[in-house]
Amino acid sequence: MANRNGKTGLRDRIKETNDKLWSSQVVGAILRPGSPFKQGYSDSPRNRSYVVMNNVLYHLHPVKVKRHAVKLSYTLCLGGLSFFLFIHLTITGIFLMFYYTPTAELAYVNIQELSTDIAFGSLVRNMHRWGAHLMVLSVFLHMSRVFYHGAYKPPREFNWVIGVVLLFLTLLLSFSGYLLPWDQLALWAVTVGTNMAGFVPVVGDQVKFVLLADVEVSAAGLLRFYVLHVLFFPFIIVIFMSIHFWRVRKDGGISGPL
Amino acid sequence: MVDIPESLLRRSAEAKAKALGVPVEQVLAEMKGEGPAVEVPQAEIVEEAPFPDEQSRSEPPAEQVDDPVEEAPPSTEEVVEEVVAASPSSDDEAFPSAAAEVEERGPVAVEDKPEDSPTAEDHGTDNAKVAGLVSPRPSVPPTGLPDGVRTQRLLTVVKARAIQDVKPEPQDKVNTWPHLMLVEFGALLAITALLVIMAVVIHSPLLDPANFNATPNPSKAPWYFLGLQELLSYFDPQIAGVTVPTIVGIIGFMMVPFVDRNPSTRPSDRKFAILLYSIFISGAATLTILGVLFRGRGFNFSYPWKDGIFFDDLKDWVDFE
Ligand code: HEM
């Protein structure tokens with residue numbers, strides 16, 4: 001299209017490029033047929049379905065949910081919040097990992113640098129720490145809401161069991177992170193905590209040794225807690241979360257109104 | 001006609017053109033309503049009429065629709081049209097997990113997909129719908145077609161039992177987008193805002209470097225274990241450190257659904273369960289608060305207003321001393 005000077009205007013050229021891009025084979029390969037990103041979104045029941053159906057979201061949500069399930073007052077969004085907090089913790093945790101070394105010499109210094117020298121270091125560290133506390137809280141509250149709704153009753157018994165594992169893993173994640181600043185608070189809180197594990201009959205000392213890589217908290221324990229914290233427990237919890245979400249859907253969406 | 005995605009339309013047109021032996025463009029034009037109708041020896045592309053019971057199922061009764069924004073779910077005509085459009089090639093293109101669902105449930109509706117109905121009650125209805133969907137198709141194969149070309153396919157085999165199970169129970173459902181996802185998005189924003197504010201206002205503690213030779217007094221576990229530590233100060237460690245958390249905490253909690261056999265979810269029917277859980281919560285909260293606020297030097301009982309608070313997690317925020 002030409003403007004009155006006989007040249008193609010910038011706006012037209014942008015529009016042209018845009019159209020070409022969206023009808024290109026590459027975009028066509030990325031987006032599913034019927035994706036609202038491709039054909040534009042106008043509000044219609046069909047498009048509302050397409051938003052979920054032609055999207056990776058389909059792994060998490062069905063196209064339709066029970067009407068009462070979207071009321072904030074039913075779930076208080078607590079399960080969702082636990083999940084969001086986990087995502088937050090993953091993102092802020094990756095940031096912290098860039099600056100942290102899990103050795104007795106450097107750990108404390110690194111945290112000090114994070115709190116003083118590094119841009120946004122203090123903010124991100126605080127977000128990570130308070131996010132972790134909030135997650136313990138929100139998982140616990142989520143469990144309570146599920147209990148009070150009797151939402152663990154058939155067919156949801158198994159998801160409750162998975163949930164207990166998730167609670168346990170959340171505590172372990174938080175606890176293993178607690179040691180990493182390697183200050184007096186970390187050292188002695190973890191000492192008290194692992195001593196409790198040592199009271200387990202028969203295997204207590206072994207459990208403690210596996211956690212700490214030593215009989216007491218030590219530099220080896222610091223490395224062990226670090227690996228458990230940034231790799232092992234997140235890996236396991238993601239697996240259990242996937243099962244948890246899958247079962248929420250397969251058990252018929254969230255439980256009915258009371 | 002509803003807007004069927006171009007690619008689906010095209011595929012459908014190709015299949016039809018192949019079956020009828022006419023050019024693709026002609027069929028495509030006809031499908032888009034731009035060209036003359038294609039001469040068909042025997043009409044086998046069937047425009048299905050909606051079935052009365054589906055109609056009532058997919059549109060919730062008027063009195064249930066209390067949300068004015070809410071629209072009726074995608075109507076059955078649309079759905080059926082889509083099945084027809086897609087069927088000559090492959091269904092799972094149009095319905096990503098239709099094939100998977102078929103595997104899982106045995107005989108199942110292709111049509112059921114856009115509603116995604118995982119509940120058991122729905123199956124009967126779906127099967128009934130398929131029965132309706134399949135039967136009106138011509139049962140005599142059209143003649144005069146090239147070899148190897150089929151214009152109908154068996155969608156599913158419907159077991160007799162499944163038909164008898166029909167329970168046309170209307171479910172009051174809403175679209176995930178926008179109704180659920182906007183709520184979730186709001187929650188995400190809210191929790192992010194809360195975290196940022198907390199992170200700006202409250203600083204994380206960083207005490208002196210770890211020193212194996214200087215045991216702080218008192219030494220406290222992280223707050224979520226402080227209830228246990230509190231218990232430890234009353235009972236033999238074998239009881240507080242082991243029996244309580246592992247047996248009650250983990251095994252006991254996992255067994256809840258198998259111990260509580262009462263099928264009702266009404267609060268008035270579960271007074272005992274609710275009472276037990278409430279006792280558990282208040283107990284845990286009391287122990288934790290005692291551990292956080294009321295334990296001072298030597299983990300001895302102390303009054304926060306007299307002796308100060310010994311809780312280093314919040315040390316850099318509030319100066320207790
Ligand atoms: C990391 C921890 C957890 C995450 C991310 C999580 C996430 C979720 C989500 C998103 C839901 C959907 C409904 C809702 O939001 O309430 C849900 C439901 C459920 N959760 Fe969790 N959950 C966690 C821990 C737990 C725990 C500790 C329990 C119980 C011990 C539990 C038991 C259940 C049950 C039984 C349901 C089905 C509830 C219903 O149908 O109403 N979950 N969970």
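These numbers were taken from a predicted model, which means no experiment stands behind them.

Peer 1: Please clarify how unusual backbone geometry should be interpreted in this entry.
Peer 2: Peptide bonds are, in most cases, trans, and in most cases residues other than glycine have a negative phi. Along the chain, Pro154(A) connects to Pro155(A) via a cis peptide bond; the corresponding omega equals 5°. Along the chain, the position of Pro155(A) falls in the loop between helix 8 (121–148) and helix 9 (157–178). Omega for the bond connecting Asn217(B) with Pro218(B) falls within 30 degrees of zero, at 0°, which places this linkage in the cis form. In this model, Phe120(A) sits at a positive phi of 65°, which is unusual for a non-glycine residue. Position of Phe120(A) relative to the elements: it lies in the loop between helix 7 (107–116) and helix 8.

Peer 1: Please clarify how the packing of aromatic side chains should be interpreted in this entry.
Peer 2: Remark: the centre distance and the inter-plane angle together describe each pair of aromatic rings, the angle taken between the planes. Scanning the entire structure with this criterion turns up 25 aromatic pairs over all chains. On the numbers, 6.4 Å between centres and 80° between planes, the contact of Phe253(B) with Tyr277(B) is edge-to-face. Taken together, the residues Phe253(B) in helix 11 (residues 237–259) and Tyr277(B) in helix 12 (residues 271–293) connect sequence positions 24 residues apart. Assessed through its relative accessible area of 10%, Phe253(B) is described here as buried. Lying over the aromatic face of Tyr58(A), Arg249(A) brings its terminal NZ or CZ to 5.5 Å of the ring centre. Arg270(B) extends its terminal NZ or CZ atom over the ring of Phe147(A), reaching a point 5.4 Å from the ring centre.

Peer 1: What exactly am I supposed to notice about the site of the ligand here?
Peer 2: Residue and element names in this part refer to chain A. Around the ligand, the surrounding shell holds 26 residues, and the nearest of these are His142, Arg145, Gly163, His244 and Ser255. Contact distances for the ligand include 2.8 Å between a nitrogen atom and a side-chain N or O atom of His142. Here an oxygen atom of the ligand and a side-chain polar atom of Ser255 are 2.7 Å apart. Where the shell around the ligand is concerned, the elements lending two or more residues are helix 6 (78–97), helix 8, helix 9 and helix 12 (219–250). Ranked by residue count, the leading element in the shell around the ligand is helix 9, at seven residues. Looking at side-chain class alone, the shell around the ligand contains 14 nonpolar, ten polar and two charged residues.

Peer 1: I tried to follow the interface of chain A and chain B on my own but got confused; where do I start?
Peer 2: How big an interface is tends to be stated in terms of the accessible area lost upon association of its parts. Of the residues lining the interface, 85 residues belong to chain A; the matching set on chain B comes to 103 residues. A salt bridge links Lys153(A) to Asp260(B); the nearest nitrogen and oxygen atoms lie 3.3 Å apart. Between chain A and chain B we count 34 residue pairs in polar contact (both at pLDDT 80 or more) in total. It is helix 8 of chain A that contributes the most residues to the side of chain A that touches chain B, 17 residues altogether. In the side of chain A that touches chain B, the residues fall into 53 nonpolar, 18 polar and 14 charged. Relative to strand 1 (residues 173–175) of chain B, strand 1 (residues 64–66) of chain A runs antiparallel, the two being bridged by three bridges. Paired with Val65(A) across the two strands is Val174(B), which belongs to strand 1 of chain B.

Peer 1: Help me out: how do you make sense of the pattern of salt bridges in this one?
Peer 2: For side chains of opposite charge, pairing can occur when their charged atoms come near one another. What the rule picks out here adds up to ten salt bridges over all chains. Two residues, Arg129(A) and Asp313(B), come together in a salt bridge whose shortest N-O distance is 3.1 Å. Of the two residues, Arg129(A) sits in helix 8 while Asp313(B) sits in the segment after helix 13 (304–307), which places them in two different chains. The buried category is assigned to Arg129(A), whose relative accessible area is 12%. Each of the salt bridges in this network shares a partner with another, and the network as a whole consists of Arg10(B), Glu14(B) and Glu25(B).

Rules behind the numbers
Residues numbered from 1 in each chain as written. Chains lettered and ligands numbered in written order. Predicted model: local features only at pLDDT ≥ 70, side-chain atom pairs only at ≥ 80, totals over all residues. Heavy atoms only, no water. Helix = DSSP H or I, 4+ residues; strand = E, 2+ residues; numbered from the N terminus. Phe/Tyr/Trp six-rings, centres within 6.5 Å; stacked < 30°, edge-to-face > 60°. Buried < 20%, exposed > 50% of the residue type's maximum accessible area, 1.4 Å probe, protein only. Lys NZ or Arg CZ within 6 Å of the ring centre and 35° of its normal. Near = heavy atom within 4 Å. Polar contact = N/O pair within 3.5 Å; in protein donor to acceptor, adjacent residues only side chain to side chain. Nonpolar A, V, L, I, M, F, W, Y, C, P; charged D, E, K, R; others polar. Contact = heavy atoms within 4.5 Å. Salt bridge = Lys/Arg side-chain N within 4 Å of Asp/Glu carboxyl O. Pairing = 2+ DSSP bridges.

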